[in-house]
Amino acid sequence: DAAIATSAWATKIKEAGEIRLGTTDTSTFFSLLNVDDGKRRGFDAGLYQMLARYITGDEANYAFTQVTSDTRESVLQNDTVDAVFATYSITPERQEKIDFAGPYYTSQQSILVAKDNADINGVDDLAGKNVAVQSGSTGPTVMEEYAPDAILQEFTTDEEARTALEQGRVDAYVIDNTLHMGSVAKNPSKYKIVGEPFGPIDPYGIGLPKDADGAVEFVNGFLAEVEIAGIWEQLWQITIGDRTGQTYAP
């Protein structure tokens, strides 16, 4: 209660009785809807449910808005949501429009190809190839630097890009490694990740409205408590580590 009282942003959420979240239903490791029980699970899902409980007293007190890479800023700018959890890379361009708490995770770009692809084994092999990227993500900019001779095709969602890969309309798909890890975990017979992750370190942040009173400070305080208590590491192990055979949290 004392922390909430210092933040007009958090106070408004508590008085409303729920936090309005922009997130996704399709990210295997970060926020995935289970259609059988109606619950969302994953690393981001765990964090935003804990934040809902931290402010309102109940992890179920959140309203869901589906976002894509192209809509994450707009839902914050037009006051549709209070926060965005969506493997959301912190960039200077985005920080001109919104604020970020965090970072709370880091990643890099990687290459997803069909399981039987033997031609692409790393970023140098993307020259002249048709490569899917997600519009509104950091992928197109990274590709311009690391694979300038690749032929880029932009898609709105992760599912659309993977469908193009399955249908042979593109030869490879480049986006954050964490998303590709989820795709391979779900469909090991369809996909594989090739080469090493590349490009600059991608810091994931929690998107917040620009200049919202006390928002960044409040959420950063929440993240610090989660990390210090060891909950961040426990959550990572359950949602990512155990499912990828990793035993040490990054």
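Since the model is a prediction, treat every value here as computed from it, not as a measurement.

Scanning the entire structure with this criterion turns up 10 salt bridges. The partner of Arg 41 in a salt bridge is Asp 37, with the nearest N and O atoms 2.8 Å apart. Relative accessible area serves as the criterion here: at 42%, Arg 41 is assigned to the partly exposed category. Asp 37 sits in the partly exposed class, given a relative accessible area of 36%.

Here we come to the packing of aromatic side chains. Inspection of every chain in the model, using the stated rule, returns 15 aromatic pairs. A ring pair is formed by Phe 43 and Tyr 104, whose centres lie 6.2 Å apart and whose planes are at 10°; its orientation type is stacked. One end of the pair, Phe 43, is in helix H3 (residues 43-56); the other, Tyr 104, is in strand E7 (residues 99-114), with 61 residues separating them in the sequence. Residue class for Phe 43 comes out buried when judged on its relative accessible area of 0%. Residue class for Tyr 104 comes out buried when judged on its relative accessible area of 5%. With centroids separated by 5.6 Å and ring planes inclined at 50°, the aromatic side chains of Tyr 54 and Phe 218 adopt a geometry described as tilted. In this pair, Tyr 54 sits in helix H3 while Phe 218 sits in helix H9 (residues 215-228), placing the two residues 164 residues apart along the sequence. Among the aromatic side chains, those forming a connected cluster through ring pairs are Phe 30, Phe 43, Tyr 104, Tyr 105, Tyr 204 and Trp 232. Across the ring face of Phe 64, the terminal group of Arg 40 is positioned such that the distance to the ring centre comes to 3.7 Å.

Turning next to helix H10 (residues 231-244). Each α-helix turn comprises 3.6 residues. Residues three or four places apart therefore point the same way. For H10, built from 14 residues, the straight-helix expectation of 20 Å at 1.5 Å per residue is met to within 8% by its first-to-last C-alpha distance of 19 Å. Of all the bends in H10, the greatest, near 50°, is centred on Gln 237. By the burial criterion, the buried members of H10 are Trp 232, Leu 235, Trp 236, Gln 237, Thr 239, Ile 240 and Gly 241. Buried-residue contacts for H10 involve H3, E7, helix H8 (177-186) and H9.

Turning our attention to the sheet that holds strand E10 (residues 172-176). Across the sheet, which stays open at both edges, the eight strands sit in the order E5-E1-E6-E11-E7-E10-E8-E9 with mixed pairing between neighbours. The open sheet is flanked by strand E5 (62-66) and strand E9 (151-155), the only strands paired with a single partner. Between one strand axis and the next, the sheet turns through 25° on average, direction left out of account. Across the face of the sheet, helix H6 (residues 139-146) comes into contact with E7, strand E8 (130-134), E9, E10 and strand E11 (191-208) while running at roughly 135° to E11.

The rules behind these values
Residues numbered from 1 in each chain as written. Predicted model: local features only at pLDDT ≥ 70, side-chain atom pairs only at ≥ 80, totals over all residues. Heavy atoms only, no water. Salt bridge = Lys/Arg side-chain N within 4 Å of Asp/Glu carboxyl O. Buried < 20%, exposed > 50% of the residue type's maximum accessible area, 1.4 Å probe, protein only. Phe/Tyr/Trp six-rings, centres within 6.5 Å; stacked < 30°, edge-to-face > 60°. Helix = DSSP H or I, 4+ residues; strand = E, 2+ residues; numbered from the N terminus. Lys NZ or Arg CZ within 6 Å of the ring centre and 35° of its normal. Expected span 1.5 Å × (residues − 1). Bend = angle between axes of the 7 residues up to and from the residue. Contact = heavy atoms within 4.5 Å. Pairing = 2+ DSSP bridges. Axes fitted to C-alpha atoms, helices over the stretch in contact; angles between N-to-C directions.

Just geometry here; none of it tells us what the structure is for.
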